[in-house]
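Listed below are the residues making up each chain.
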Amino acid sequence: MRNTFGNIFTLTTFGESHGAAVGGVIDGMPPGIEVDMAFIQHELDRRRPGQSDLTTSRNEADRVELLSGVFEGKTTGAPIGFIVRNTNHHSQDYENLRCLFRPSHADYTYHKKYGIRDHRGGGRTSARTTISRCAGGAFAKLALRKCGISVKAYTSQVGDIALDPDYHRYDLDLTDSNDVRCPDQEAAEKMAQLIREVKSQGDTIGGVVTCVVSGCPAGLGEPEFDKLHAALGGAMLSINAVKGFEIGEGFACVNKRGSELNDLFTTLDGQVVTETNHSGGVQGGVSNGQDIYFRVAFKPVATILQEQPTVDLEGEPVTMKARGRHDPCVLPRAVPIVEAMAAMVVLDHLLLQKTVACGL
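Just so you know, these numbers come straight off a predicted model, no measurement behind them. (Residues numbered from 1 in each chain as written. Predicted model: local features only at pLDDT ≥ 70, side-chain atom pairs only at ≥ 80, totals over all residues. Heavy atoms only, no water.)

Engineer: Explain the overall build of the chain to me, please; I cannot follow it from the model alone.
Structural biologist: Of the regular secondary structure elements, the chain holds seven helices and 18 strands. For the chain, the spread of C-alpha atoms along the three principal axes comes to 65 × 50 × 40 Å. Expressed as a percentage of its 360 residues, the buried residues of the chain come to 51%. Within the chain, residue pairs in contact and separated by at least 24 positions form 70% of the contacts whose partners lie at least 6 positions apart. Looking at the chain as shown, the accessible area adds up to about 16500 Å², and 51% of this sits on carbon and sulfur atoms. Both charge centroids of the chain, one from 37 positive and one from 44 negative side chains, sit 5 Å from each other. (Helix = DSSP H or I, 4+ residues; strand = E, 2+ residues; numbered from the N terminus. Buried < 20%, exposed > 50% of the residue type's maximum accessible area, 1.4 Å probe, protein only. Contact = heavy atoms within 4.5 Å. Areas by Shrake-Rupley, 256 points an atom, 1.4 Å probe, with all protein chains shown as cover. Lys, Arg positive; Asp, Glu negative; His and termini not counted. Charge placed at Lys NZ, Arg CZ, Asp CG, Glu CD.)

Below you can see the structure in the form of structure tokens.
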């Protein structure tokens, strides 16, 4: 029943989709970090439901309340408690799901694991719990600023509409300039059109989020069972609806030879660098100082507004049709969640590797 993430920088989360609130406790946050509340709230707003017609219409302000760990605008080193209250849940929309299992959802698996489940909005399995991750990630980003490390994610694919895999082709500062969170405006418009089309059919669609971590020093990552890319992969695969993770050129590597794929070393301004970055900034499980880049695959949302056959608690066949408010595509709201998880992984490993922790 583990609900805690991290080694030194940790986040413990709590709450359900239709409970009183969701929240968390951050521990291991370095002291003396300036707390920019406007920035923290902005990170939550990027994940907030109801922000456009491409997302669920559930209307939540998602205002974060800090309970501890901050004094006179700075972190104290003590645990940081926070909550975000739920104010717009429509629990009655889920009453018809009380005694049946939604296809490809966690209803059946949670029922088998715990013998009890909260059917309202998915309960603990709802993506609403990712609010806590975004709050934890916002604090991690504030700490990473001191080290000159940035974390930028963007929607790189929706359905069969995909950007070029080379992120250097795009200005990632444009990611939030449209509702899809895609740095290519032309592609973003096509993606938005596809999402609206799928939504009008009561269906859902998946896609890919690409993330780039810049400014990360060499030397982060443990040598055997907590390699940096393994930690990143585990963090990403813990996000709702994620079904795939690849770092660097990932699965495209299988079509190449070592002579094509090796990242050759050279020096630049007295520093050892690589001429290419096929490895995605991680070699031997340890960061090499180059950009860390990876891709995260999200499946279509399991809850669709169409009739589907399933079974009830007794295993009897039934027909169900979900009601309520759901995302036709998680990608626009998943971008800040991917960033948050990456930021927490990198900060955690900075603190593990104290010699390069930028004075944190």
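Engineer: Looking at this structure, I do not really get the pattern of salt bridges. What am I missing?
Structural biologist: Any two side chains of opposite charge can pair if their charged atoms end up close together. If you walk through the whole model with that rule in mind, you get 19 salt bridges. Close ionic contact of Arg128 with Asp62 constitutes a salt bridge, the shortest N to O distance being 2.7 Å. Remark: Asp62 occurs in the loop between helix H1 (37-47) and strand E4 (64-66) and Arg128 occurs in the loop between helix H2 (107-114) and helix H3 (130-145); sequence separation between them is 66 residues. Taking relative accessible area as the criterion, Asp62 reaches 2% and is therefore assigned buried. The salt bridge involving Lys141 is made with Glu339; its shortest N-O contact spans 2.5 Å. Of this pair, Lys141 sits in helix H3 while Glu339 is found in helix H7 (residues 331-352), placing the two residues 198 residues apart along the sequence. On the accessibility criterion, Lys141 (10% relative accessible area) is buried. (Salt bridge = Lys/Arg side-chain N within 4 Å of Asp/Glu carboxyl O.)

Engineer: Looking at this structure, I do not really get the nonpolar core. What am I missing?
Structural biologist: Considering soluble globular proteins, one finds that nonpolar side chains tend to be buried as a cluster. The biggest cluster of nonpolar side chains holds 83 residues, and the ones touching the most others in it are Val158, Met236, Ile292, Phe294, Phe298 and Val338. Setting aside chain neighbours within four positions, we find Phe298 in contact with Gly206, Gly207, Val209, Ile239, Asn240, Ala241, Val242, Val330, Leu331, Ala334 and Val338. Judged by nonpolar contacts, the second largest core, of five residues, contains Tyr94, Leu97, Met320 and Ala322. (Core = buried A, V, L, I, M, F, W, Y, C linked by side-chain atoms within 4.5 Å.)

Engineer: What am I meant to see in the sheet that holds E4 here?
Structural biologist: Paired through backbone hydrogen bonds, the strands of a sheet run either parallel or antiparallel to each other. Overall, antiparallel pairing links the five strands, which are arranged E1-E2-E3-E7-E4 in an open sheet. Here the strands that pair on one side only, and so sit at the sheet edges, are strand E1 (4-5) and E4. In this sheet, strand E2 (residues 10-15) lies alongside E1 in antiparallel orientation, the contact comprising two bridges. Each residue of the ladder has a partner; that of Thr4, found in E2, is Thr12. Strand contacts of H3: E2, strand E3 (21-27), E4 and strand E7 (80-85), with the helix running at about 35° to E3, the strand carrying the most contacts. (Pairing = 2+ DSSP bridges. Axes fitted to C-alpha atoms, helices over the stretch in contact; angles between N-to-C directions.)

Engineer: Is there a simple way to think about H7 in this case?
Structural biologist: What sets the pattern is the α-helix's 3.6 residues per turn: residues three or four places apart point alike. With 22 residues, H7 extends 31 Å between its outermost C-alpha atoms, agreeing within 8% with the 32 Å of an ideal straight helix rising 1.5 Å per residue. By the criterion of burial, H7 is predominantly enclosed, with 21 of the 22 residues buried. (Expected span 1.5 Å × (residues − 1).)

Engineer: Whenever I open this one, the sheet that holds strand E8 (residues 150-158) confuses me. Can you help?
Structural biologist: The sheet built from five strands is open, its strands ordered E9-E8-E10-E16-E11 with antiparallel pairing. The open sheet terminates on both sides in strands that have one partner only, identified here as strand E9 (161-162) and strand E11 (242-247).

Engineer: I tried to follow the packing of aromatic side chains on my own but got confused; where do I start?
Structural biologist: Any aromatic ring pair is given by two values, namely how distant the centres are and how the planes are angled relative to each other. Applying the stated rule across the entire model yields four aromatic pairs. Geometrically, the ring pair formed by Phe245 and Phe294 is tilted, given 5.4 Å between the ring centres and 45° between the ring planes. Here the residue Phe245 occupies a position in strand E11, and Phe294 occupies one in strand E16 (residues 292-298), the gap between them amounting to 49 residues. Across the pair, Phe294 and Phe245 agree in class, each one buried. When the ring centre of Phe39 is taken as origin, the NZ or CZ atom of Arg145, which lies over that ring, is 4.5 Å away. (Phe/Tyr/Trp six-rings, centres within 6.5 Å; stacked < 30°, edge-to-face > 60°. Lys NZ or Arg CZ within 6 Å of the ring centre and 35° of its normal.)

Engineer: I tried to follow the environment of Ile161 on my own but got confused; where do I start?
Structural biologist: With respect to the helices, strands and loops of the structure, Ile161 is situated in strand E9. Along the chain, Ile161 and Ala187 lie 26 residues apart, while their C-alpha atoms are 7.3 Å from each other. Residues within four places of Ile161 in sequence aside, it is in contact with Ser156, Ala187, Lys190, Met191 and Leu194.

Engineer: Can you walk me through the environment of Gln353 in this structure?
Structural biologist: With respect to the element layout, Gln353 can be found in the segment after H7. Of the residues examined, Gln353 reaches a relative accessible area of 26% and is grouped as partly exposed. A sequence separation of 132 residues divides Gln353 from Gly221, and the C-alpha atoms of the two residues are 8.0 Å apart. Non-local contacts of Gln353, meaning those with residues more than four positions away in its chain, are made with Gly219 and Leu220.

Engineer: Looking at this structure, how should I read H1?
Structural biologist: Inspection of H1 places Phe39, Ile40, Gln41, Glu43, Leu44, Arg46 and Arg47 among the buried residues, and these make up the whole buried set. Residues of H1 that are buried in the fold lie against E4, E7, H3 and H7. One side-chain oxygen at the N-terminal end of H1 lies 3.2 Å from the backbone nitrogen of Ala38; it belongs to Asp36. (Polar contact = N/O pair within 3.5 Å; in protein donor to acceptor, adjacent residues only side chain to side chain.)

Engineer: Teacher, can you tell me more about the pairing of E16 here?
Structural biologist: Sheet faces and side chains relate simply in a regular strand, where the side chains alternate between the two faces. Of all the seven residues making up E16, five are buried; the element is thus mostly covered by neighbouring parts of the structure. In this sheet, E16 lies alongside strand E10 (residues 207-214) in antiparallel orientation, the contact comprising seven bridges. For Gly207, the partnering residue across the bridge sits in E16 and is Phe298. Looking at chain direction, E11 and E16 are connected through five bridges and run antiparallel. The residue bridging Val242 from the neighbouring strand is Phe298, located in E16.

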